[in-house]
Each structure stands twice: as structure tokens, then as C-alpha cells.
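Inside the fold
Single-letter residue listing:
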Number of protein chains: 2
Amino acid sequence: MPDRVADDFERMWADLAPVGRAASSGGYHRSPFASAERELAAWFEEQCAARDLRLERDPFGNVAAWWDPPGAVVPAVRAPDRPGPGPERPGLPHPGGAVLTGSHLDSVLDGGAYDGPLGVVSALAALDVLRGRGFVPGRPLGVSVFVEEEGSRFGLACLGSRLAVGATSWDDVRGLRDRDGVALGDVVAGPTSAGAGERSTLLDGVGAFVELHVEQGRGLVDLGEPVGVAGEIWPHGRYRFDFGGEANHAGSTRMEDRHDPMLTYAMTALAANKQARLAGQRATFGRIEVAPNGTNAVASRVTAWLDARASSDDALTDLVAAVERQAADRAGRDGTTVTVTPESVSGSVGFDTTLHLGPAGHERWPVLASQAGHDAGILSAAGIPTAMLFVRNPTGVSHSPAESADTADCLAGVTALADTLERLAR
Amino acid sequence: MPDRVADDFERMWADLAPVGRAASSGGYHRSPFASAERELAAWFEEQCAARDLRLERDPFGNVAAWWDPPGAVVPAVRAPDRPGPGPERPGLPHPGGAVLTGSHLDSVLDGGAYDGPLGVVSALAALDVLRGRGFVPGRPLGVSVFVEEEGSRFGLACLGSRLAVGATSWDDVRGLRDRDGVALGDVVAGPTSAGAGERSTLLDGVGAFVELHVEQGRGLVDLGEPVGVAGEIWPHGRYRFDFGGEANHAGSTRMEDRHDPMLTYAMTALAANKQARLAGQRATFGRIEVAPNGTNAVASRVTAWLDARASSDDALTDLVAAVERQAADRAGRDGTTVTVTPESVSGSVGFDTTLHLGPAGHERWPVLASQAGHDAGILSAAGIPTAMLFVRNPTGVSHSPAESADTADCLAGVTALADTLERLAR
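Residues numbered from 1 in each chain as written. Chains lettered and ligands numbered in written order. Predicted model: local features only at pLDDT ≥ 70, side-chain atom pairs only at ≥ 80, totals over all residues. Heavy atoms only, no water.

Thoughts on the overall build of chain A
For clarity, the cut-off: Secondary structure elements follow DSSP: runs of H or I no shorter than four residues count as helices, runs of E no shorter than two count as strands, and numbering proceeds from the N terminus. Two things to know: the radius of gyration comes from C-alpha atoms, and the globule rule equals 2.2 Å times the number of residues to the power 0.38. Partly exposed residues are those whose accessible area sits between 20% and 50% of the maximum for their type, while under 20% is buried and over 50% is exposed, using a 1.4 Å probe and protein chains only. In this description, contact between two residues means that some pair of their heavy atoms is separated by no more than 4.5 Å. The accessible surface values rely on the Shrake-Rupley method and a 1.4 Å probe; as for residues, cover is taken only from the protein chains in view. For the purpose of counting charges, residues Lys and Arg are taken to be positive, whereas Asp and Glu are taken to be negative. His and the chain ends are not included. Lysine's charge is taken at NZ, arginine's at CZ, aspartate's at CG and glutamate's at CD.
A tally of helices and strands in chain A yields 11 helices and 17 strands. Radius of gyration (C-alpha) of chain A: 23 Å, near the 22 Å computed for a compact globule of 426 residues. Buried residues in chain A amount to 60% of all 426 residues. For chain A, contacts bridging at least 24 residues in sequence account for 77% of all contacts bridging at least 6. In the form shown here, chain A has an accessible surface area of approximately 15,000 Å², with 50% of it arising from carbon and sulfur atoms. Separation between the mean location of the 38 positive side-chain charges and that of the 56 negative ones in chain A comes to 1 Å.

Below, the structure written as C-alpha cells:
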């Protein structure tokens, strides 16, 4: 890789480093449609302008920036509609179809620097690499940023890409509210009669999507490889558990007279962990809200969210059913109630590992399963041939300030992405 | 009781009913120094003015309203300093000492209507009863309202009465912050050099204090009695448990690689319940804060507050030590940490049941232990002869919208309080 590209990569990374970073923990707070994430979005548009890319926005806040082939009639070069989804669709790029790469810029609360932004910065750097090689695209080659990938604000992960592919309708989500009661429809225009467009056209005519992402586990560390490709995304879901009991005085109420939903929750959290541990799956209670949440009051209500992932759709169903059953058993003993509401469930997604076939074949990169959801999974499920590249994370830790990647590995990722895009966008 | 007094009681109760009431739950939110509680405080001052009581405020927000004996030189009738605390102090009213009754007007979050206000309204009604009897006090007879009894805003229960008796210094608490980061010193003037007074003089010369309170358990229901007196308050305390772990991705992190403080917390909450249940004591985790509190992130930190109460000081120490030991054991297995910080601990308090001795003797009213802290406990510990009256609560539930009392029982409480005050303030 030319030194200039490496320097540019490091400069871009340094631009982003302070934005939304908490001094206390070193973690990032880049909530979608709020100040830090909007600063990154503005920075992205500046970077695209500096590269003479043509910017395209959709009504939901998603953005793509296009490197058009020379002489193309803009934007009619892309077909007005993507071919329909379906397994019969060829795995290789749609003839004449555009090629898109990118990721997201929002973070979880107190998250790491790499989850999302690494894919966006690497996409811009990969275009720089291709320009340095004298490459000229034979079809539109774009860099995209999808909004609210983490679902940390409005509760629905991959919100932007779901809207972009039409997997979720605006009417279904415009009323979603954040923890402060602000509705999605208050912070994003959405489709309007004033002509912002009825739907997103960002993906029209896109024949292939590639997302680069920091690995969120220790797969590549254990294999001693800097870069890998995704074979699949595990099915996963978010389930809201509402535990209901009876508020009471924490001092004067005898233990045997209580209906304390905190106890039902506590047993459920332990049971979910045990269940997932025994089956080699994942189950996590990381978010909880308690009412009235007072020191000297037995809680009246505990709401907690189960994040569950498993290696097959059936295994996920079984895992959640087992946790729910144990919660209901304990609720019976505690004199409390429990109701379970799935908030979002995503089935298994396979990726097109052939997209990565370079001169040396895809065996250059090991194939890993991802237990994390990604925009790439949404696009793949919508029928767009999609691939993912992972960059080694020495800590294996993600969604945390400890998330990390070495610069050399990041640059290896940029090269791998550039090689892939060069072959796809010829 | 004259009909007029009963009507006035019901009218006062109706005045308070809508203030700070949540339509959704029917519970009360009367946070100290915030709008609903300040509205009650203004209402109290109006009621005192309508009764020609002399209002006295201290620098901390506590208030007393005095019915002075005829011909008294105001306010020098009360001794400038209370006699010192100590067991040698006579149990009967300090000769010439003032007599004070009252309670508080703040509530826990989503609390009941009776905890606090019943004691204030009953105190005003008891003065009305005495006036109706033609009683003329031989010493100052006052009605007091202490601020932040619940500790629901600044975390320290009985904050106002602790400051009034000097058990807590202003410098120790002025920096306490509520959940929004507002400091106590920002909402209360405190002692100032501009002459608000260096300390509270409300209790100077007070020779007896009587607090009426709704019962917070089923003692009187089981006994079939409308009114009882407190024999003692159990020792109790609030302990902050800080569980530390490692934030991580809820999908991609293998269960065995986690350091999840939510699990350590969950086991601790169950252990505290079991420990208290087996020993006939009380232990409650009703308040919890989680970071980052995101659905798809393993928590990095869980902070939870243990409310513990036991029948003796030693039993309380043993209870908390047992919970702490089990938390530390589990933290060792989870690869997490736990530290325990006592935020407030109150030793056992005995009341002077002889204060209630009426014509028919105190055997008229059964003697109960209270597992709840009260301002009366703080005054008693400071050496003021103190008594408490409880009014039957048919649900036995408190710190909840379900907290309740029948009007007939409330009026029986007013009569009992009036009888007690008549004897003490002769």
C-alpha cells in the first residue's frame, strides 16, 4: 500500500478519535441523530466532497457517495429498480449493477471506536487505493453509511438498512421513541408529500454490497490471521421481559408477604446465562428498567431485555422458550407476572463468500460465523449479493472502550477491501 | 369527635389528594424541594395561618408552627437550648418544654397518599379537637414538617430531621446530588453568613415529640385495632453495592469469556432475599443502575442498593456481612468485582411508650415494632422523649399506591393524638 494512503487512513482515523468520546471511560457515545453522530456524518460528506464523489441521500438519513464510471449519464446509469430478492438471484454481481461498500457511524452507549467507523474509513481508503492503482470503475462504485445500526436509540437494530431495503415500513417505525420520549419521526423527515421521495432509492440497481467490520470476537486472534470473511450471521433477537409485582415498603413488609419482580428477574438472568452456556449459544440481559427504582421500596415492575443468539433458527426459538419457561415458573413462586414481547428477530443470513474470490482464491481469508447483526445481513436477506470482511481485534472485545485493532491489520483490511472492489466494479 | 373536625379532616385530605398524583398508577411523586412537595408545603403554611399559629422556619427547609400559651413572651418562652441527649434524661416532658407533633410531606417515587401527610393533617386536626374542647396549652404546642424524610432525592433518609438535631452537618450533605446532578446546596439555602442562622433552632426547648404515621405492615390488621404505638424502630441501613465487570458485545462474546456484573448482581439479590427470609429480617434490592444499559452490550457496571433491617444491631451487621460474603464469592466466579459502601446506617431506637399514658393507660393501644425509619427515630436518638402512633392500614402495603387507611381509623388516630397532646402540653 502506498505510504500516502496509509497516512490518509491514519489521518481520517485521528479526525474521528475525539468525537463523542467520554473522558471518564474512553468509550464512545454516538447516538444516532444526535450531536456526535451528526458530526461524523458531516465529516463523511466532507470526505466524499474532497474525493469528488456524488452524494445521494434517502428520506431516512442513509447516505451513499458514488464514484461514477467515466461518461456515465448520472444517475440513470443505475437501473431504476433492483432485481427482486430471491435465492434464484445469481451470486455474482448483477450485470451492470452498482457496487456498494460501507458501514455505519453510530455506536452503542459507551462503545468502541471501531464498530462501524472502521468500515466507513476503510471504504474511503479503499477508493484511494484503487485511484492510486489507476483503476477506473466500469460501473458505479459507492460508499454508504446507514443510520441507527446499533438500535441503541430507537430499539430496532439496523433501522436505516431495514428502511432502505423496505424490510420495515416508515409507518411501522416513525412512532418509535427513545428513552427521553423523542419519536423517530421527530428527528428524521421520512418520506414526505413535499417530494423527499416515498422510499429510499439508494440501493436501486446495486448488484453487490461489501461491508468491512472489526471482528467482535477472538476468531482471527486464535487463527493468527489479520483478515477474514463472514460465512453467515447467526439468527438473533431482542425480547422484552416485563416482570410485574407489587410495590411495597422495603422495611415493614415481611419477606413472605412480598411480590417482588426483582427476584423473578434475577433468577431469569441467571437462568438465561446458564441455558446459553450449556448450549454454546448467547443470552444476555444488559438493559433493565425498574419502577419505582427507590432504595426503600420493593419494586412494582422490572423491564429487562434479553439479547439471544443461536446457531440456527430452531436453536434460537428453543433458547428463548427455555428462558421464558423458567421465568414463568419463578414468577409463579414469587407471586409476580411475566410477559415476553419479541422486539426484533432476525433469521439466519448467509453471505456470498464467492464475492471475495481474488486472484489467489478466497482461501486467502478464513471464513467465520458472526454472532452480531449487521446492515450487510439486512441487504443479503433482501436479495443483494453481499459479503463481509472482518479485521482482527486483539482484545476480542466489542461494544466496549476496550474494542481495538492494530493499524497494520486495518491497512491489510483496506487492501483486501480494495482487491474485492476492484474485481467487482471492473 | 365533633362533626366539624371530622369534616375539616376530610376537607384537608381532599385538598392534598390530587397533588403530585400520577394518573397512570395512582401513585404519588412528591420529591423534596420539587413542585408537588412545595405545593404541599405552601398549603401547610396556609393552614397554619388560618389557625393563627406562629410559623418558624429553619435554614434547611424544616418548618414548625406554634400554638403559644396565652401571655407567653414569643419566642423566648422556649428554652434557648434543649437539654443534652442521654439516657439519664427524664422520660416525661421536660419541665416547661415545648411539645411538638408532625411528620413529613415528601413521598417515595410512586408512593402512597398516607406516608407522611397523614401525620401532618392529623396534627392540625388534633389541634382543632383540642380547641373544640376548650383546651389552652400550658406550654408551646407545635406542628412540624421535616423535609426529605424518605431520602428519595438525595439518598439520605430523614435528612431534614438529621440536620435539625445536628446529627448530620450541613457541610457533610450540601454536596449530595440527586439523579439529575442537582446538589442539595442548590435547592436549599442552608446556613448562610447573611443571617439565616448557623443551625436549626426549631427543636430548642422541645421536651416531647409525637409522630402519627400510617402503619406500614399488617400488625394492627391482625390485632383488629385501629391505633397502636411504636415500641422501637429496627436498626436499618442502605448499602451501595458496586459490581464491576467488562463491557462486551452481547452476540460475539462467548459466554465463557465474559465478566458480566449483571450475573453477580442477580445472584446477590437472590442471596439477600434468602438470607433475610430465613432469619425473619428484611433485605431488599429495589434500586439499580446499569452501565451502559444497552440491549446488545454485556454490562460493564451494575450499581445496586441494599436496604437491610434487622431486630438488633448485631443481627443487621451479620445480615449485611452475609450478603456481602456471598456477593464476593460469586464475583470471584464471574471474574467481576464488588465493593460495598454503607450510605446510611441507623441503630436501634426505642420510644417512650409512657408518653401515651392517658386516663385509661397505654394498654389502650397495642405496642408494635417499626421496621421503617422515621423522623421520630432521629429525634429520639438525639435525646428528645419521643413517641409514635400508628393508624391501621388495611392493605398492609406502603411505599405504593395501594397504601391505605379508612377514614374512621384516621379519626381514631386524631383523637388518640389529641388525647396525648392534651396531657403533654397541659
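Here's the deal with the sheet that holds strand 11 (residues 282-291) of chain B
All names here are of chain B. Quick note on the threshold: When DSSP locates at least two bridges between a pair of strands, those strands are taken to pair. For helices, the fitted line uses only the C-alpha atoms of the stretch in contact; every axis is such a line through C-alpha atoms, and the angle between N-to-C directions lies from 0 to 180 degrees.
As summarised here, the arrangement of the four strands in space is 11-13-9-14, forming an open sheet in which the pairing is antiparallel. The outermost strands of the open sheet, each flanked by one partner alone, are strand 11 and strand 14 (337-346). Direction aside, the axes of adjacent strands within the sheet are offset by 20° on average. Across nine bridges, strand 9 (residues 236-244) lies against strand 14 in antiparallel orientation. Directly across from Y239, in strand 14, lies its bridge partner P342.

Here we look at the domain arrangement of chain A
All names here are of chain A. Put simply, the rule reads: The domain limits used here are those given by an automatic or database domain assignment. Summed over both partners, the accessible area lost on bringing two parts together, with a 1.4 Å probe, is the buried area. Polar contacts here mean pairs of N or O atoms no more than 3.5 Å apart (in protein, one a potential hydrogen donor and the other a potential acceptor; neighbouring residues in sequence count only if both atoms are side-chain atoms). Polar here means any residue outside two lists: the nonpolar Ala, Val, Leu, Ile, Met, Phe, Trp, Tyr, Cys and Pro, and the charged Asp, Glu, Lys and Arg; Gly therefore counts as polar.
Split by domain assignment, chain A resolves into domain 1 (3-234 + 348-425) and domain 2 (236-346). Distance between the C-alpha centres of domain 1 and domain 2: 34 Å. Listed as interface residues are 13 residues of domain 1 and, on the opposing side, 13 residues of domain 2. Taken together, the two surfaces of domain 1 and domain 2 that pack against each other cover about 1,100 Å², and 42% of this comes from carbon and sulfur. Its largest share of buried area at the contact with domain 2, domain 1 owes to W234, S348 and Q371, together 51% of the area lost on that side. Taken together, the connections running from domain 1 to domain 2 amount to seven residue pairs in polar contact (both at pLDDT 80 or more). Here the side of domain 1 that touches domain 2 is composed, by residue class, of five nonpolar, five polar and three charged.

What to know about the sheet that holds strand 9 (residues 236-244) of chain A
To summarise the sheet geometry, strands pair through backbone hydrogen bonds and adopt either a parallel or an antiparallel arrangement. Residues and elements named next belong to chain A. The four strands lie next to each other as 11-13-9-14, forming an open sheet whose pairing is antiparallel. Lying at the two open borders of the sheet, with one neighbouring strand each, are strand 11 (282-291) and strand 14 (337-346). Neighbouring strand axes in the sheet, compared pairwise and without regard to direction, differ in orientation by 20° on average. The strands that helix 9 (residues 313-334) touches are strand 9, strand 11, strand 13 (301-309) and strand 14; relative to strand 9, the one it contacts most, it runs at about 10°.

What to know about unusual backbone geometry
In terms of backbone geometry, most residues other than glycine have negative phi values and most peptide bonds are trans. The linkage connecting A291 of chain A with the following residue, P292 of chain A, adopts the cis geometry, with an omega of -5°. Checked against the element boundaries, P292 of chain A lands in the loop between strand 11 and strand 12 (297-298). In this model, H399 of chain A sits at a positive phi of 55°, which is unusual for a non-glycine residue. Structurally, the position occupied by H399 of chain A is in the loop between strand 17 (386-391) and helix 11 (407-424). Using a relative accessible area of 1% as the deciding quantity, one classes H399 of chain A as buried. The phi angle at N293 of chain B is positive, at roughly 60°, despite the residue not being glycine.

Details of the interface of chain A and chain B
Quick reminder of the rule: The salt bridge criterion pairs a side-chain nitrogen of Lys or Arg with a carboxyl oxygen of Asp or Glu, the two atoms within 4 Å.
With 58 residues of chain A at the contact, the number on the chain B side is 58 residues. Summing the contributions of chain A and of chain B, the shared interface buries around 5,100 Å²; its carbon and sulfur component is 56%. On the surface where chain A and chain B come into contact, there are zero salt bridges. Only strand 5 (109-111), strand 10 (248-249), helix 8 (261-279), strand 11, strand 12 and strand 13 of chain A provide two or more residues apiece to the side of chain A that touches chain B. Counted by class, the side of chain A that touches chain B contains 23 nonpolar, 20 polar and 15 charged residues.

Some thoughts on the relation of the copies chain A and chain B
Rule in force here: Superposing the copies works by least squares over the C-alpha atoms of residues that have pLDDT at least 70 in both of them.
Screw-axis analysis of chain A against chain B gives a translation of 0.0 Å along the axis, an RMSD of 0.0 Å, and a rotation angle of 180°. What the superposition gives is, in effect, a two-fold axis relating one chain to the other. Relative to the rotation axis, the closest C-alpha in chain A is found at A266 of chain A, a distance of 2.2 Å. The residues that chain A uses at the interface reappear at the interface of chain B in 100% of cases, marking a shared surface.

A word on the pairing of strand 3 (residues 63-67) of chain B
All names here are of chain B. Where burial is concerned, most of strand 3 is hidden: five out of the five residues are buried. Residues of strand 3 alternate between two faces, with V63, A65 and W67 on one and A64 and W66 on the opposite face, all of them buried. Both strand 2 (residues 54-57) and strand 3 contribute to a ladder of four bridges, which runs antiparallel. If you follow E56 over to strand 3, its bridge partner there is A64. Joining the antiparallel neighbours strand 2 and strand 3 is a turn of five residues, in which G61 adopts a positive phi near 100°. Two strands pair when backbone bridges link them, and strand 3 and strand 6 (residues 141-145) are joined in this way by five bridges, in the antiparallel orientation. In the sheet register, W67 faces strand 6, and the bridge partner there is L141.

Points about the packing of helix 3 (residues 117-132) of chain B against helix 11 (residues 407-424) of chain B
The description of two packed helices rests on the angle between their axes and on the distance between the axes. All names here are of chain B. The line we're drawing: Any angle that falls under 35 degrees is termed roughly parallel, while one over 145 is termed roughly antiparallel, one within 65 to 115 roughly perpendicular, and all others oblique. In this scheme, a crossing is called left-handed if the near helix is turned counterclockwise away from the far one by less than a right angle; it is called right-handed if the turn is clockwise.
Running from N to C, helix 3 and helix 11 point in directions that differ by 60°, and their axes come no closer than 8 Å. The angle between helix 3 and helix 11 falls in the class oblique. Every pair of crossing elements has a handedness; the one defined by helix 3 and helix 11 is right-handed. On helix 11, the residues that touch L118, S122, A123, A125, A126, L127, V129 and L130 of helix 3 are C410, V414, L417, A418, L421 and E422. The class makeup of the residues in the contact of helix 3 with helix 11 is 12 nonpolar, one polar and one charged.

Considering the packing of aromatic side chains
All names here are of chain A. Inclusion rule: Pairing of aromatic rings covers Phe, Tyr and Trp, the last through its six-membered ring, and needs centres within 6.5 Å; plane angles under 30 degrees mean stacked, over 60 mean edge-to-face, and all others mean tilted. Ring-over charges, as used throughout, are those where CZ of Arg or NZ of Lys falls within 6 Å of the ring centre and within 35 degrees of the ring normal.
The full count for this structure, using the stated rule, is 18 aromatic pairs over all chains. A ring pair is formed by F9 and W13, whose centres lie 6.2 Å apart and whose planes are at 5°; its orientation type is stacked. Separated by four residues within a single helix, F9 and W13 lie in helix 1 (residues 3-16), roughly one turn from each other. On the basis of relative accessibility, which here comes to 2%, the residue F9 falls in the buried class. Its relative accessible area of 17% is what places W13 among the buried residues. An aromatic cluster of at least three residues, connected via ring pairs, comprises F241, F243, Y265 and F285. The cationic tip of R131 hangs over the ring face of W67; the distance from NZ or CZ to the ring centre is 4.7 Å.

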